[in-house]
Amino acid sequence: MTGARILVVEDDAELRGQLLRGLAEEGFRPEGTATGAELLERVKRAGPDALIVDIGLPDADGRDLCLALRAGGVQAPVLFLTARDSLAERLSGFDAGGDDYVTKPFAFT
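Residues numbered from 1 in each chain as written. Predicted model: local features only at pLDDT ≥ 70, side-chain atom pairs only at ≥ 80, totals over all residues. Heavy atoms only, no water.

A. Representation of the pairing of strand β1 (residues 5-9) in the model. Within β1, five of the five residues are buried, leaving the element largely enclosed by the surrounding structure. Across the two faces of β1 the burial is the same, with R5, L7 and V9 and I6 and V8 all buried. Bridge count for β1 against strand β3 (residues 50-54) is four bridges, and the pairing is parallel. Across the sheet, the residue bridging to L7 is L51, located in β3. (Buried < 20%, exposed > 50% of the residue type's maximum accessible area, 1.4 Å probe, protein only. Helix = DSSP H or I, 4+ residues; strand = E, 2+ residues; numbered from the N terminus. Pairing = 2+ DSSP bridges.)

B. View of the layout of surface pockets. The volume enclosed by the largest pocket comes to roughly 200 Å³. In terms of lining residues, the largest pocket is bounded by twelve residues, among which I6, L23, F28, A50 and I52 are the most central. Sorting the residues of the lining of the largest pocket by element identifies α1 (13-25) and β3 as the ones contributing at least two each. With three residues, the top contributor of residues to the lining of the largest pocket is β3. (1 Å grid on protein atoms, 1.4 Å probe; cavity = no way out; pocket = protein on both sides within 12 Å on 5 of 7 lines; lining within 4 Å. Points joined across faces, edges and corners; volume = space filled by probe spheres on them.)

C. View of the nonpolar core. Residues L39, V43, L51, V53, V74, V78 and F80 are the most contacted members of the largest nonpolar core, which totals 16 residues. Secondary structure elements with two or more residues in this core: β1, α2 (36-45), β3, α3 (62-71) and β4 (78-82). Among the elements that make up this core, the one with the highest residue count is α3 (three residues). When sequence neighbours within four positions are dropped, the list of residues in contact with V74 reads V43, L51 and L69. Residues I6, L15, L23 and L81 belong to the second largest nonpolar core, which totals eight residues. (Core = buried A, V, L, I, M, F, W, Y, C linked by side-chain atoms within 4.5 Å. Contact = heavy atoms within 4.5 Å.)

D. Region of the structure containing the sheet that holds β4. As summarised here, the arrangement of the five strands in space is β2-β1-β3-β4-β5, forming an open sheet in which the pairing is parallel. Of all the strands in the sheet, the pair left with one neighbour each is β2 (29-33) and β5 (100-103). Strand-to-strand twist across the sheet, computed as the mean angle between neighbouring axes with direction ignored, equals 20°. In terms of strand pairing, β4 meets β5 through four bridges, oriented parallel. Bridged to F80 within β5 is Y101. Against the sheet, α2 contacts β1, β2 and β3, and its axis sits at roughly 160° relative to β1. (Axes fitted to C-alpha atoms, helices over the stretch in contact; angles between N-to-C directions.)

Next comes the structure, spelled out in structure tokens:
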């Protein structure tokens, strides 16, 4: 999936920047936003190859975004990124249509 367009929605500007830099260094074409509303607009304009979605956004729950994307026919993989690490939280992410779940903090290796 190198060269793939990855949309990142993360409201923490520092973490979003780190993600964008790390993904670019690995050969991806990352784009970032801080809100769910902007993510949905960008997806309408041009479908991504994959998405990284924070669950706790100021304007939306990332799981609701994933449900909306899936209802709109978006099949790109969705990776949830969140500090919420309980089993129930993880399962709710998969139930919403997510493909994987990474908890914060994490490290690029």
